[in-house]
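Chain residues, written in single-letter form:
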Amino acid sequence: MSSEANVELLKEAYRQWNDSKGASVDYWFDRVIGPQIKFDSIPRGAEPVPFAKRYDDRTELRGYFDGLLADWSMQYYTMNEYVAQGDTVVARGECAWTNKKTKKVAKTPKVDFWRFKDGKAVEFHEYFDTACVYGATIP
């Protein structure tokens, strides 16, 4: 797939993610995530977001989404800038999540790095304001 096709794939996936408030996990697995993926999140599994860690197994990656949606409710997830070069796409935007226990909102800039092979994501790294997220977990 071309870099433009990869961008369009991500735009649709992020649109569904935002519109469904996180209920479109299957879309990510059906359309975006490849059979082999290296998935990494900047907290690297540190408390209080142990699900936000490195995954090298597509099946185990479900744990990321299960943990996220168990502890947080999405307010919005807006990616409004995409930079593509070859098999790489960087998406930049902002998201806000409410911690279900504390009811505090974490609003943070968001940058996602994607690498594609044959139209499927094979690598992902996410970057966000971890201090803001951690703060929303403190009662």
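Along each chain, numbering runs from 1 in the same order as the chain's sequence is written. Where totals are concerned, whole chains, interfaces and linings use all residues; where local detail is concerned, this predicted model gives features only for residues with pLDDT of at least 70, and gives and counts side-chain atom pairs only at 80 or more. As a rule here, side-chain values come from all non-hydrogen atoms in the structure, and water together with hydrogens is ignored.

Student: Whenever I open this one, unusual backbone geometry confuses me. Can you help?
Tutor: Backbone torsion omega between glutamate 47 and proline 48 reads 10°, so that peptide bond is classified as cis. The way it works is that DSSP assigns letters per residue, a run of H or I at least four long becomes a helix, a run of E at least two long becomes a strand, and they are numbered from the N terminus. Topologically, proline 48 is positioned in the loop between strand E1 (33–41) and helix H3 (58–71). A positive phi angle is found at aspartate 118, which is not glycine, with a value near 55°. Within the secondary structure, aspartate 118 is located in the loop between strand E4 (105–117) and strand E5 (120–128).

Student: Would you take a moment to explain the packing of aromatic side chains for this structure?
Tutor: The description of an aromatic ring pair uses the distance of the two centres, along with the angle that the planes make with each other. Aromatic rings from Phe, Tyr and Trp, with only the six-membered ring used for Trp, were paired whenever their centres fell within 6.5 Å, and each pair was classed as stacked if the ring planes differed by under 30 degrees, edge-to-face if by over 60, and tilted otherwise. Per the counting criterion, the structure on display carries 17 aromatic pairs. Both rings, one in tyrosine 14 and one in tyrosine 77, keep their centres 5.8 Å apart while their planes meet at 15°; by these two values the pair is stacked. Linking tyrosine 14 in helix H1 (residues 3–19) with tyrosine 77 in strand E2 (residues 72–85), this pair joins segments that are 63 residues apart in sequence. The same class applies to tyrosine 14 as to tyrosine 77, namely buried. Relative to phenylalanine 124, the ring of phenylalanine 39 has its centre 4.6 Å away and its plane inclined at 25°; by these criteria the two rings are stacked. Taken together, the residues phenylalanine 39 in strand E1 and phenylalanine 124 in strand E5 connect sequence positions 85 residues apart. The exposure class assigned to phenylalanine 39 is buried, which follows from its relative accessible area of 4%. A cation over an aromatic ring shows up here: arginine 62 above the ring of phenylalanine 29, its NZ or CZ 4.1 Å from the ring centre. Burial classes: relative accessible area under 20% of the type maximum marks a residue as buried, over 50% as exposed, and values in between as partly exposed (1.4 Å probe, protein chains only). Comment: the charge-over-ring label is applied if NZ (Lys) or CZ (Arg) is within 6 Å of the ring centre and within 35 degrees of the ring normal.

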